Amino acid sequence: MTRNFRSELVGSFSEGSNGNPTVAMIEAAFAHHNLDWRYINCEVTPANLADAVKGARAMGWRGFNCSIPHKVAVIEHLDGLGESAEIMGAVNCAVNRDGKFIGENTDGKGFLKSLMEVVDPRGKSVVMFGAGGAARAIGVELALAGARALTVVNRSALRGEPLVRLLNERTTTPATLVQWPREFAIPEGTDIVVNATSIGLANGNQPLDIDAATLKPGMVVADVIVDPPDTRFLRDARTRGCTVIDGLGMLINQGVIGVKYWTGIDADPAVMRKKLEEIFSA
Ligand code: NDP
């Protein structure tokens, strides 16, 4: 077999990435699939973002991820947007399609892919905690996937209201906002419950302010937190007989989707999970 020695580049534009576990995860996939590709993390300040995208174009990068604070600002430097990225107004993954950089949002798609391994959200009733960037990405994908109804529970109306308005105006899934009361009771008939807040980040014992007795067997309960992946919320849900999905699934699958966009290859998620578990258990 002739080996193709042509190397390709993809990368990530971030600020203060703190080691960026995505680098290790994507490079593990490239190595596993014998791809002579590199994924490099570049620290880019907001003032240098335009030049960074120009640089990626000049060097023929196959694409790049971008993280906070670049997810919205990058849009004006791209040539087009995928459907969900256009609705969300946020891009975390650019893909070089015939020389044009097209912006996609793989955060929500990654969440959806890991959810679909357990349940199809079509026709399902969803309660989602949070209204920040992760919640916006997840909410839009769940709505585009045909969720029956979405209740957004958020501490502040400041972020909750625009998200619910966006879902009601741009998708066919009815969304309502609940401003988070003490010990929120998950309504009966809820099929899927998602923590898309940062509660639990760096403290796996931090509880969500909910009445845990309203978590019922049969519910699918997902968390976006990856560090640590086994959160108090998921432990409570598991104890009460719910099927749980940790945040690693979302992170891995956004990587799987990115690799597919850039290389055309279906990366092995097990290889990527193994790498992340090494990092997060270290
Ligand atoms: P944002 O800062 O945009 O949003 C944070 C959200 O959490 C807001 O809704 C905020 O409410 C809520 N929140 C934070 N602290 C509290 C609290 N003490 N009580 C109640 N609500 C609270 O963050 P992101 O949406 O970008 O990220 C959220 C989490 O998702 C992070 O932990 C991030 O690491 C994780 N993430 C995971 C991914 C994965 O692949 N697994 C991908 C992307 C993100 P309010 O609006 O009232 O401030």
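Structural data are supplied above this passage.
Treat the numbers as computed from the prediction; the structure is a model and nothing was measured. (Residues numbered from 1 in each chain as written. Predicted model: local features only at pLDDT ≥ 70, side-chain atom pairs only at ≥ 80, totals over all residues. Heavy atoms only, no water.)

**Some points on the packing of helix α4 (residues 106-116) against helix α5 (residues 133-144)**
Keep this limit in mind: Between the N-to-C directions of two axes lies an angle of 0 to 180 degrees, each axis being a line fitted to C-alpha atoms and, for a helix, fitted only over the stretch in contact. Counting from the N terminus, the helices are the DSSP runs of H or I reaching at least four residues and the strands are the DSSP runs of E reaching at least two. Angle categories are assigned with fixed cut-offs, so that under 35 degrees is roughly parallel, over 145 is roughly antiparallel, 65 to 115 is roughly perpendicular, and the rest are oblique. Left-handed is the label given to a crossing in which the near helix is rotated counterclockwise from the far helix by less than a right angle, and right-handed is the label when the rotation is clockwise. Whether two residues touch is decided by their heavy atoms; if any such pair falls within 4.5 Å, the residues are in contact.
Running from N to C, α4 and α5 cross one another at 55°; their axes reach a closest spacing of 8 Å. For the element pair α4 / α5, the angle class is oblique. Every pair of crossing elements has a handedness; the one defined by α4 and α5 is right-handed. The segment α4 lies against α5, with Asp107, Gly108, Lys109, Phe111, Leu112 and Leu115 engaging Ala137, Ile138, Glu141 and Leu142.

**What about the sheet that holds strand β2 (residues 37-43)?**
The pairing of strands in a sheet happens through backbone hydrogen bonds and is either parallel or antiparallel. Heads up, the rule is: Each pair of strands is called paired provided DSSP finds at least two bridges between the two strands.
Spatial strand order, β2-β1-β3-β5-β6-β4: 6 strands in an open sheet with mixed pairing. Of all strands in the sheet, those with a lone pairing partner are β2 and β4 (80-81), marking the two edges. Both β4 and strand β6 (residues 100-104) contribute to a ladder of 2 bridges, which runs parallel. Across the sheet, residue Leu81 finds its bridge partner in β6, namely Gly103. Contacts from helix α2 (residues 49-58) reach β1 (8-14), β3 (63-66) and β6 within the one sheet, and its direction differs from that of β1 by about 175°. Helix-sheet contacts for helix α8 (residues 247-263) involve β1, β2, β3, β5 (93-97) and β6, and the interaxial angle to β5 is about 20°.

**Comments concerning the site of the ligand**
To be explicit about the condition: A cutoff of 4 Å decides nearness: a residue is near a molecule or strand if any of its heavy atoms lies inside that distance of it. The definition of a polar contact used here is a pair of N or O atoms within 3.5 Å, where within protein one atom must be able to donate a hydrogen and the other to accept one, and adjacent residues in sequence count solely through side-chain atom pairs. Method for areas: the Shrake-Rupley scheme with a 1.4 Å probe, in which residue coverage is limited to the protein chains shown. Any residue that is not Ala, Val, Leu, Ile, Met, Phe, Trp, Tyr, Cys, Pro, Asp, Glu, Lys or Arg is counted as polar, Gly included; the first ten are nonpolar and the last four charged. How far each domain reaches was decided by an automatic or database domain assignment.
The ligand sits among 23 residues. The nearest are Ala131, Ala134, Asn154, Arg155 and Val224. In the model, an oxygen atom of the ligand is placed 3.0 Å from a nitrogen or oxygen of the Arg159 side chain. Its free accessible area being 930 Å², the ligand has 78% of it covered by the protein chains. For the shell around the ligand, the secondary structure elements donating two or more residues are α5 and α8. In the shell around the ligand, the residues fall into 12 nonpolar, 8 polar and 3 charged. If you count residues domain by domain, the shell around the ligand takes at least three from each of domain 1 (8-104 + 249-280) and domain 2 (109-245).

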